[in-house]
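Understanding the architecture of this molecule
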Amino acid sequence: MKTRIATAAVLAAFTVAVILWLPSIVFIGFLVAVSALAAWEWCRLIPSGLSPLVRGGYSVGVAALLLGSALYEPSWVPLTIGAAVVWLVLGINVLFQIYRQSKVQIHSSLLLGLILIVPGPVALIAIQQSLDQGRFLVLMSCVVVWGTDTFAYAVGKRFGRRKLAPSISPGKTLEGTLGGIVGAIGTGIIFFLVLMENNKVGVIGFGLWCLITVSVAVMAVIGDLVESAVKRSANKKDSGTLVPGHGGVLDRVDSLLCAAPIFGSWIFLCELTPTVAL
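Small disclaimer: the values here were computed from a predicted structure and weren't measured.

What about the packing of aromatic side chains?
The tally for this structure, following the rule as stated, stands at five aromatic pairs. With 5.4 Å between their ring centres and 75° between their planes, phenylalanine 14 and phenylalanine 30 make a pair best called edge-to-face. You can see phenylalanine 14 sitting in helix 1 (residues 2–20) and its partner phenylalanine 30 sitting in helix 2 (residues 24–44), a full 16 residues away along the chain. Classification of phenylalanine 14 by relative accessible area gives partly exposed; the value is 43%. One residue, arginine 55, lies across the ring of tryptophan 40, its end atom 4.2 Å from the ring centre.

Next up, the structure:
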């Protein structure tokens, strides 16, 4: 437990510094490195197994695709919206299988990895680079995702009784999941009120921000469930061992990979049609 908390604190502090204060090139490099490591671990979840050479080539390819997409502005909207839809469809599939109490399975593939890993970081880079308050918006999205994980763990530990998805994630409870979503929404609203200027952050008003926060919190939960289903389908408990107390890099960023595309979709929609943001 102490290792898990210490690791989370160090990673959170470093990530906040990268988002808010360090040069943009460091932020981009950080996301590229994290995505490449996540891609390496994703290959470990492919049932047929891949050689280290193929895994390395795939990781480099993910990094190159991410950089290319981030630099090519016309790709931002279709990538983020498309990825949000794919994550949502996978999440609905997992929830449906949980409801039917059937075996939950999602088999990984190289193509699915590209779809799930690349768009989220592209959305965060695009927001940070193109908007006046881009750094704050990226941080706010991360805070909501972190809030979901933190409150889900705390509430589940204290009040958790009913298992949410025992076949893929035995530690998750319904109470913890709902507590995580509610806690994240509250955290997002408090953050908005602290940072807002003239009742807005950028072009986003308070009412829309509440809706965005709800969607980001829900997608964060979906991302965690989808990755858990992929791991169980590959008979793996964790995606890797690089993050002490947490498993792998992919285990640490799965919620953000899922939440970032829906967050980016909202932001780009607001920028393209400002009246939506009022």
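So that's the structure; there's more coming.
Quick word on the nonpolar core
By size, the foremost hydrophobic cluster in this structure holds 84 residues, and its most contacted members are Trp42 and Val94. A total of 14 residues in this core trace back to one element, the largest contributor, which is helix 10 (residues 249–272). Leaving out residues up to four positions away in the same chain, valine 94 has contacts with Val104, Ile106, Ile168, Leu225, Val226 and Ala229.

Remarks on empty space enclosed by the protein
The full count for this structure, using the stated rule, is one cavity of 30 Å³ or more. As for the largest cavity, its lining consists of Trp42, Trp87, Leu116, Ile117, Val226, Glu227, Leu250, Asp254 and Leu257. The element best represented in the lining of the largest cavity is helix 10, accounting for three residues. Class assignment for the residues of the lining of the largest cavity results in seven nonpolar, no polar and two charged.

With respect to a nonpolar patch on the surface
A cluster of nonpolar side chains, Val77, Ile81, Val85 and Val89, forms an exposed patch at the surface whose accessible area comes to about 300 Å². As for its placement among the helices and strands, valine 89 is situated in helix 4 (residues 76–99). According to the relative accessible area criterion, valine 89 is exposed, its value standing at 52%.

A few points about the packing of helix 4 against helix 9 (residues 206–233)
Two elements in contact, helix 4 and helix 9, have axes whose closest approach is 9 Å; the angle formed by their N-to-C orientations is 65°. As judged from the angle between their axes, helix 4 and helix 9 are roughly perpendicular. The interaxial crossing formed by helix 4 with helix 9 has left-handed handedness. Each of Ala84, Trp87, Leu88, Leu90, Gly91, Val94 and Leu95 in helix 4 lies in contact with helix 9, whose residues at this interface are Met219, Ile222, Gly223, Leu225, Val226 and Ala229.

Looking at the pattern of salt bridges
Under the criterion given, the structure shown has six salt bridges. A salt bridge links aspartate 224 to lysine 172; the shortest N-O distance between them is 2.9 Å. With aspartate 224 in helix 9 and lysine 172 in strand 2 (residues 169–173), this pair connects stretches of sequence that are 52 residues apart. You can call aspartate 224 buried: its relative accessible area is 19%. The class for lysine 172 is buried, based on a relative accessible area of 18%. A salt bridge links glutamate 227 to lysine 231; its shortest N-O distance comes to 3.8 Å.

Calculation rules
Residues numbered from 1 in each chain as written. Predicted model: local features only at pLDDT ≥ 70, side-chain atom pairs only at ≥ 80, totals over all residues. Heavy atoms only, no water. Phe/Tyr/Trp six-rings, centres within 6.5 Å; stacked < 30°, edge-to-face > 60°. Helix = DSSP H or I, 4+ residues; strand = E, 2+ residues; numbered from the N terminus. Buried < 20%, exposed > 50% of the residue type's maximum accessible area, 1.4 Å probe, protein only. Lys NZ or Arg CZ within 6 Å of the ring centre and 35° of its normal. Core = buried A, V, L, I, M, F, W, Y, C linked by side-chain atoms within 4.5 Å. Contact = heavy atoms within 4.5 Å. 1 Å grid on protein atoms, 1.4 Å probe; cavity = no way out; pocket = protein on both sides within 12 Å on 5 of 7 lines; lining within 4 Å. Points joined across faces, edges and corners; volume = space filled by probe spheres on them. Nonpolar A, V, L, I, M, F, W, Y, C, P; charged D, E, K, R; others polar. Patch = residues over 30% accessible without salt bridge, like charges linked within 9 Å, V, L, I, M, F, W, Y side chains within 5 Å. Areas by Shrake-Rupley, 256 points an atom, 1.4 Å probe, with all protein chains shown as cover. Salt bridge = Lys/Arg side-chain N within 4 Å of Asp/Glu carboxyl O. Axes fitted to C-alpha atoms, helices over the stretch in contact; angles between N-to-C directions. Parallel < 35°, antiparallel > 145°, perpendicular 65-115°, else oblique. Left-handed = near helix turned anticlockwise from the far one by under 90°.

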